[in-house]
Amino acid sequence: MKRKVLLFTTLLLTTFVFQGMNSARKNRTKVIAHRGAWKNTGVPQNSLASLQHAIRLGCYGSEFDVHMSADSVLVINHDHTIQGVALETTPAAQLAAIKLSNGEALPTLEAYLNAGKKQKQTRLILEIKASQVSKERSLALAEKCVEMVRKTKTRALVDYISFDYDVCKKVKELDPKAQVAYLNGDKTPEQLAADGFYGLDYHHSIYKKNENWIKEAQQKGLTLNVWTVNDQPLMEWFLERNVDFITTDQPELLLEITKAQ
Ligand code: MG
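What you see is a predicted model, and the numbers here were worked out from it, not measured in a lab. (Residues numbered from 1 in each chain as written. Predicted model: local features only at pLDDT ≥ 70, side-chain atom pairs only at ≥ 80, totals over all residues. Heavy atoms only, no water.)

### Some details on the packing of aromatic side chains
Reasoning step 1: This structure, assessed with the given rule, holds 11 aromatic pairs.
Reasoning step 2: Residues Phe163 and Trp227 carry aromatic rings whose centres are separated by 5.6 Å and whose planes lie at 80° to one another, so their mutual orientation is edge-to-face. With Phe163 in the loop between strand E7 (158-162) and helix H6 (165-174) and Trp227 in strand E10 (residues 223-227), this residue pair connects regions lying 64 residues apart in the sequence.
Reasoning step 3: For Trp227, a relative accessible area of 22% puts it in the partly exposed group.
Reasoning step 4: For the ring pair Tyr182 and Tyr202, a centre distance of 6.3 Å and an interplane angle of 80° mean the geometry is edge-to-face. Of this pair, Tyr182 sits in strand E8 (residues 180-182) while Tyr202 sits in strand E9 (residues 199-203), placing them 20 residues apart in sequence. Here Tyr182 and Tyr202 have matching classes, each one buried.
Reasoning step 5: Ring pairing ties together the aromatic residues Tyr165, Tyr182, Phe197, Tyr202, Tyr207, Trp213, Trp237 and Phe238, which thus form one cluster.
Reasoning step 6: Here the guanidinium or amino end of Lys208 rests over the ring plane of Trp237, the centre of that ring lying 4.5 Å away.
Reasoning step 7: Over the ring of Trp237 we find Arg241; its NZ or CZ atom is 3.7 Å from the centre of that ring. (Phe/Tyr/Trp six-rings, centres within 6.5 Å; stacked < 30°, edge-to-face > 60°. Helix = DSSP H or I, 4+ residues; strand = E, 2+ residues; numbered from the N terminus. Buried < 20%, exposed > 50% of the residue type's maximum accessible area, 1.4 Å probe, protein only. Lys NZ or Arg CZ within 6 Å of the ring centre and 35° of its normal.)

This is how it looks when you write it as structure tokens:
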């Protein structure tokens, strides 16, 4: 009788463990649309339309890049220039006249956050672009971003990322509860954990070179994000390693893969 009870208990436990593993595996890795969902939708990167498409797809997050105009207005664009105009040395009134290829005006951060907060499902992954003018401007941009997130009441929806370590630390200083991940790939999980970071958000080649960082980060409770993963075999490599997020130009493909698992 005792043996039967033991056997039954073992079976039950095994079932729970396997179920637990399956549910942990299922949907564990979340999809972040890189510069919004633009590649398969035909809208410009970093446009409000690309954000709307990422939301419509049900992405966990939609990433976008922030710069500061000459007169300290925050605008969304990847490069430091748009249509030959340098964002950092041009006043906002002039930038406002710029139209994206879909007819949208160059979005301000304020407009982007206000559009994003109309929903709760897709997080807004705010990349603070380092200034090409000075470190001071990078830090001022960080400060303005935190201010704008507060002003638009989007703190619960926004995660911050940056290639500039000082910018990341500045955000943590201004908003200790902010979730901040570092992009540049040159800090160990140990250092990021010591500095109170939310996680690593590194290029895929960095994880391939330092595969031990994946386990180390997981053990330290840091999140793992990887950019920019656009092909299926690479997606599978990171899915097998249970990273928290994959940032991709192909959110449709990654959503399909993660849903099938
Ligand atoms: Mg970016």
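### Focus: the nonpolar core
Reasoning step 1: With 59 residues, the main nonpolar core has Leu109, Leu126 and Tyr160 as its most contacted residues.
Reasoning step 2: For this core, the element with the most residues is helix H5 (residues 135-151), which contributes 6 residues.
Reasoning step 3: Excluding residues within four positions of it along the chain, Leu109 makes contact with Phe64, Val66, Leu74, Val75, Ile76, Leu126, Cys145 and Met148.
Reasoning step 4: Within the second largest apolar cluster, 7 residues are counted, among which are Leu87, Leu95, Leu100 and Leu106. (Core = buried A, V, L, I, M, F, W, Y, C linked by side-chain atoms within 4.5 Å. Contact = heavy atoms within 4.5 Å.)

### Comments concerning the side chain of Ser138
Reasoning step 1: Among the structural elements, Ser138 can be located in helix H5.
Reasoning step 2: Not counting chain neighbours up to four residues away, the residues in contact with Ser138 comprise Ala130, Ser131, Asp164 and Val167.

### Description of helix H11 (residues 251-260)
Reasoning step 1: When we look at burial in H11, the residues that qualify are Pro251, Leu254, Leu255, Ile257 and Thr258. Taken around the axis of H11, the buried residues stretch over an arc of 165°, which confines them to a single face. Across H11 from its buried face, at more than 90 degrees, point the exposed residues Glu256, Lys259 and Ala260.
Reasoning step 2: Where H11 is buried, its residues meet strand E1 (30-33), helix H2 (48-57), helix H10 (232-240) and strand E11 (245-248). (Arc of directions from axis to C-beta.)

### Some words on the pattern of salt bridges
Reasoning step 1: Enumeration according to the criterion identifies 12 salt bridges in this entry.
Reasoning step 2: Here Lys151 makes a salt bridge to Glu110, at a shortest N to O gap of 3.0 Å. Here Lys151 is found in helix H5, whereas its partner Glu110 is found in helix H4 (residues 109-116), with 41 residues between them in sequence.
Reasoning step 3: Classification of Lys151 as exposed rests on a relative accessible area of 55%.
Reasoning step 4: Among the charged side chains, a salt-bridge network with shared partners connects Asp65, Glu127 and Lys129. (Salt bridge = Lys/Arg side-chain N within 4 Å of Asp/Glu carboxyl O.)

### What about unusual backbone geometry?
Reasoning step 1: Of note in this structure, Arg35 is not a glycine but carries a positive phi near 60°.
Reasoning step 2: On the basis of relative accessibility, which here comes to 16%, the residue Arg35 falls in the buried class.
Reasoning step 3: Of note, Asn242 is a non-glycine position whose phi angle comes to about 55°, a positive value.
Reasoning step 4: In this structure, Asn242 sits in the loop between H10 and E11.

### A word on the coordination of the magnesium ion
Reasoning step 1: Within the protein, the atoms that donate to the magnesium ion are Glu63 (OE), Asp65 (OD) and Glu127 (OE), at distances of 2.0 to 2.1 Å.
Reasoning step 2: Sequence spacing among the residues donating to the magnesium ion works out to E-x1-D-x61-E. Of this pair, Asp65 sits in strand E2 (residues 61-68) while Glu127 sits in strand E6 (residues 123-128), and the two are 62 residues apart along the sequence. As far as burial versus exposure is concerned, Asp65 and Glu127 are alike and both buried. (Donors = N, O, S within 2.8 Å, 3.2 Å for Na, K, Ca; no water.)

### Describing the packing of H5 against H6
Reasoning step 1: Contact geometry for H5 and H6: axes closest at 9 Å, N-to-C directions at 40°. As H5 runs across H6, the sense of the crossing is right-handed. Touching Lys135, Ser138, Leu139, Ala142, Glu143, Val146 and Arg150 of H5 are Asp166, Val167, Lys170, Val171 and Leu174, all from H6.
Reasoning step 2: Its residues assigned to classes, the contact of H5 with H6 comprises 6 nonpolar, 1 polar and 5 charged. (Axes fitted to C-alpha atoms, helices over the stretch in contact; angles between N-to-C directions. Left-handed = near helix turned anticlockwise from the far one by under 90°. Nonpolar A, V, L, I, M, F, W, Y, C, P; charged D, E, K, R; others polar.)

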